[in-house]
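# Fold and contact review
The lines below spell out each chain.
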Amino acid sequence: GQQVMQIPQYQHVQEGEDFTTYCNSSTTLSNIQWYKQRPGGHPVFLIQLVKSGEVKKQKRLTFQFGEAKKNSSLHITATQTTDVGTYFCAGQAGGTSYGKLTFGQGTILTVHP
Amino acid sequence: SAVISQKPSRDICQRGTSLTIQCQVDSQVTMMFWYRQQPGQSLTLIATANQGSEATYESGFVIDKFPISRPNLTFSTLTVSNMSPEDSSIYLCSVTGGRVHGYTFGSGTRLTVV
């Protein structure tokens, strides 16, 4: 079945440093989504990438979708303590898997003030 | 975006009993899903709740253990049956379609089986 690998598992940064998490799928995706889960909270939708090579920005966050639609990254510039949480990528395949998301393992981000 | 009410938020249950979790959305959605998440772990899809028909279960999950209902476009229930301590986890409903952009998650049900 489809697998989505995400690295690193943990990332500790000083406030102001940049942060990147990477996601790689075993199969070509129809789209990839990113979620943030604060400690004790539930996943919150950040963005969806659909097109090959797509790049989207949300303030300090930059999301990329690879040309082959199998990998993606999330980059945070100048981290803040409010960025703390777990970041998940979630891939969606097409066809009979329509609608189902396969989540990566998540990257737990700790930001030290 | 849609607002999801998931109940209960937490429960402590005796082994061998069953718990039903409810997921109510404030608007009609196309698809509803149930996930399980161990603390500090990723999300694992249990099943897709289909309106008016049997849910579609993922590998490793069966209807007898996790019966699911979805009588309409805004409501679903997940029952965890004949519970054992291994069922202790966080259960989340998720929806998409309608007014929902991406997938919206309920706040989760933290289940402890003793």
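This section reports on the structure supplied with the text. The structure displayed is predicted, hence computed values, not measured ones. (Residues numbered from 1 in each chain as written. Chains lettered and ligands numbered in written order. Predicted model: local features only at pLDDT ≥ 70, side-chain atom pairs only at ≥ 80, totals over all residues. Heavy atoms only, no water.)

## Comments concerning the pairing of strand β3 (residues 19-25) of chain A
All names here are of chain A. Counting buried positions along β3 yields five of seven residues, so the element is predominantly enclosed. Bridging between strand β1 (residues 4-7) and β3 involves four bridges; their strand directions are antiparallel. Considered in β3, the bridge of Ile7 is made with Tyr22. In the sheet, β3 pairs with strand β8 (residues 71-76) via six bridges, with the strands oriented antiparallel. If you follow Phe19 over to β8, its bridge partner there is Ile76. (Buried < 20%, exposed > 50% of the residue type's maximum accessible area, 1.4 Å probe, protein only. Helix = DSSP H or I, 4+ residues; strand = E, 2+ residues; numbered from the N terminus. Pairing = 2+ DSSP bridges.)

## Some thoughts on the sheet that holds strand β7 (residues 61-65) of chain A
Residue and element names in this part refer to chain A. The sheet built from five strands is open, its strands ordered β1-β3-β8-β7-β6 with antiparallel pairing. With one partner strand each, in any of the chains shown, β1 and β6 (55-58) form the two edges of the open sheet. Strand-to-strand twist across the sheet, computed as the mean angle between neighbouring axes with direction ignored, equals 15°. Summarising the sheet, β7 and β8 pair through five bridges and their orientation is antiparallel. Within the sheet, the bridge partner assigned to Gln64 lies in β8 and is Ser73. (Axes fitted to C-alpha atoms, helices over the stretch in contact; angles between N-to-C directions.)

## With respect to the pattern of salt bridges
Pairing is possible between side chains of opposite charge, provided their charged atoms come close. All names here are of chain A. Tallied over the full model, the rule gives four salt bridges over all chains. A salt bridge links Asp83 to Arg60, with the shortest nitrogen-to-oxygen separation between them at 2.9 Å. With a gap of 23 residues between them, Asp83 in the loop between β8 and β9 (85-92) and Arg60 in the loop between β6 and β7 connect regions that are remote in the sequence. Judged by relative accessible area, which is 22%, Arg60 ranks as partly exposed. (Salt bridge = Lys/Arg side-chain N within 4 Å of Asp/Glu carboxyl O.)

## Let's talk about unusual backbone geometry
Residue Ile7 of chain A is joined to Pro8 of chain A through a cis peptide bond whose omega torsion reads -5°. Looking at where Pro8 of chain A falls in the secondary structure, it is placed in the loop between β1 and β2 (10-14). Residue Pro8 of chain B follows Lys7 of chain B across a cis peptide bond; omega there is -5°. When you line up the elements, Pro8 of chain B lands in the loop between β1 (4-7) and β2 (10-13). Unusually for a residue other than glycine, Ala78 of chain A sits at a positive phi of about 50°. In this fold, Ala78 of chain A is placed in the loop between β8 and β9. Of the residues examined, Ala78 of chain A reaches a relative accessible area of 30% and is grouped as partly exposed. The phi dihedral of Asn82 of chain B falls on the positive side, at around 45°, and the residue is not glycine. Mapped onto the secondary structure, Asn82 of chain B falls in the loop between β8 (75-80) and β9 (89-97).

## Considerations on the environment of Gln38 of chain B
Residue and element names in this part refer to chain B. When you line up the elements, Gln38 lands in the loop between β4 (31-37) and β5 (43-49). C-alpha of Gln38 to C-alpha of Ile90: the two residues are 52 residues apart in sequence and 6.1 Å apart in space. Excluding residues within four positions of it along the chain, Gln38 makes contact with Glu86, Ser88 and Ser89. (Contact = heavy atoms within 4.5 Å.)

## Section: the interface of chain A and chain B
In many analyses, interface size is given as the accessible surface area lost on bringing the parts together. Listed by partner, the interface residues are 15 residues for chain A and 17 residues for chain B. Carbon and sulfur atoms make up 60% of the area that chain A and chain B hide from each other, which totals about 1400 Å². On the chain A side of the contact with chain B, His42, Lys100 and Phe103 of chain A bury the most area, a combined 33% of that side's loss. There are one salt bridge connecting chain A and chain B. When the shortest N-O distance is used, the salt bridge between Lys100 of chain A and Glu58 of chain B registers 3.0 Å. (Buried area = accessible area lost by both parts, 1.4 Å probe.)

Remember that the coordinates give geometry; whether it matters functionally is a separate question.
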